[in-house]
Amino acid sequence: MIQKYCFECGTALIEKELEEEGIVPYCPKCQQYRFPMYNVAVSMIVVDEETGKILLIQQYGKPSYILVAGYVNRGEAEEHAVVREVREETGLEVEQLRFNRTKFFEPSNTLMCNFTAFVRTAKALHINHEVDRCKWFTPQEARENIRPNSLAAEFLNAYLDEVGNKPMEM
């Protein structure tokens, strides 16, 4: 159990069977099941509509490239988080977006929601303090340069495999 205490009363949770759900954290004081809570984040395959190139970034002093990503704020729609995070980290405006897939990322207790964010004005790129460096790559170069064995690589490769040789959807 990740959650150890009831978020309403602070009592230590116990594990209890719930019909058709399995073992679920339970508060004996409130007499309520407390379903697990987790973070929600978005990651974006940022595509320049003109060239079809993909933007990868480097952050936190690490030399490998990853996708633009960020947490969804409480009450915020994922689609709005995509637009906000791309704008904050790159200065680019998302013209269209496409939902790709989700995957739970255990190390940070986060549901990662992946999108493709199409931008028309790639020349307006202006990274903020959260990004060390960035670079536009062809789809094949992006595949070769993204951090190996990462969730970012899994999202990017799945997207590129789906798109194949078809023109990228906008």
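Notes on the structure in this doc start here. Quantities reported herein were computed from a predicted structural model and do not represent experimental measurements. (Residues numbered from 1 in each chain as written. Predicted model: local features only at pLDDT ≥ 70, side-chain atom pairs only at ≥ 80, totals over all residues. Heavy atoms only, no water.)

### A word on the environment of alanine 117
And then number 1: Take alanine 117: it is sitting in strand S8 (residues 110–119).
And then number 2: For the pair alanine 117 and isoleucine 54, spaced 63 residues apart in sequence, the C-alpha separation works out to 9.8 Å.
And then number 3: Ignoring sequence-local partners within four residues, the contact set of alanine 117 consists of Met44, Ile45, Val46, Val47, Val82, Val86, Val94, Gln96 and Leu97. (Helix = DSSP H or I, 4+ residues; strand = E, 2+ residues; numbered from the N terminus. Contact = heavy atoms within 4.5 Å.)

### Describing the layout of surface pockets
And then number 1: Taken as a whole, the largest pocket holds about 560 Å³ of empty space.
And then number 2: At the level of secondary structure, the elements contributing two or more residues to the lining of the largest pocket comprise strand S4 (39–48), strand S6 (68–71), S8 and helix H3 (151–163). (1 Å grid on protein atoms, 1.4 Å probe; cavity = no way out; pocket = protein on both sides within 12 Å on 5 of 7 lines; lining within 4 Å. Points joined across faces, edges and corners; volume = space filled by probe spheres on them.)

### As for the side chain of glutamine 3
And then number 1: Mapped onto the elements, glutamine 3 comes out in the segment before strand S1 (14–18).
And then number 2: Among the residues examined, glutamine 3 registers a relative accessible area of 14% and is labelled buried.
And then number 3: Discounting residues that sit within four places of it in the chain, glutamine 3 has contacts with Leu13, Phe35, Pro36 and Met37. (Buried < 20%, exposed > 50% of the residue type's maximum accessible area, 1.4 Å probe, protein only.)

### Notes on the pairing of S4
And then number 1: In terms of burial, S4 is largely enclosed, as eight of its 10 residues are buried.
And then number 2: Here S4 runs beside S8; their pairing, made up of 10 bridges, is parallel. Each residue of the ladder has a partner; that of alanine 41, found in S8, is methionine 112.
And then number 3: Sheet analysis places S4 next to S6, joined by four bridges and oriented antiparallel. Looking at S6, one finds that alanine 41 is bridged to tyrosine 71.
And then number 4: Where S4 meets strand S5 (residues 54–58), two bridges bridge the pair, whose relative direction is antiparallel. Among the inter-strand pairings, valine 46 is bridged to a residue of S5, identified as leucine 55.
And then number 5: A loop of five residues connects S4 with S5, the two strands running antiparallel in sequence, and glycine 52 in this loop sits at a positive phi of about 80°. (Pairing = 2+ DSSP bridges.)

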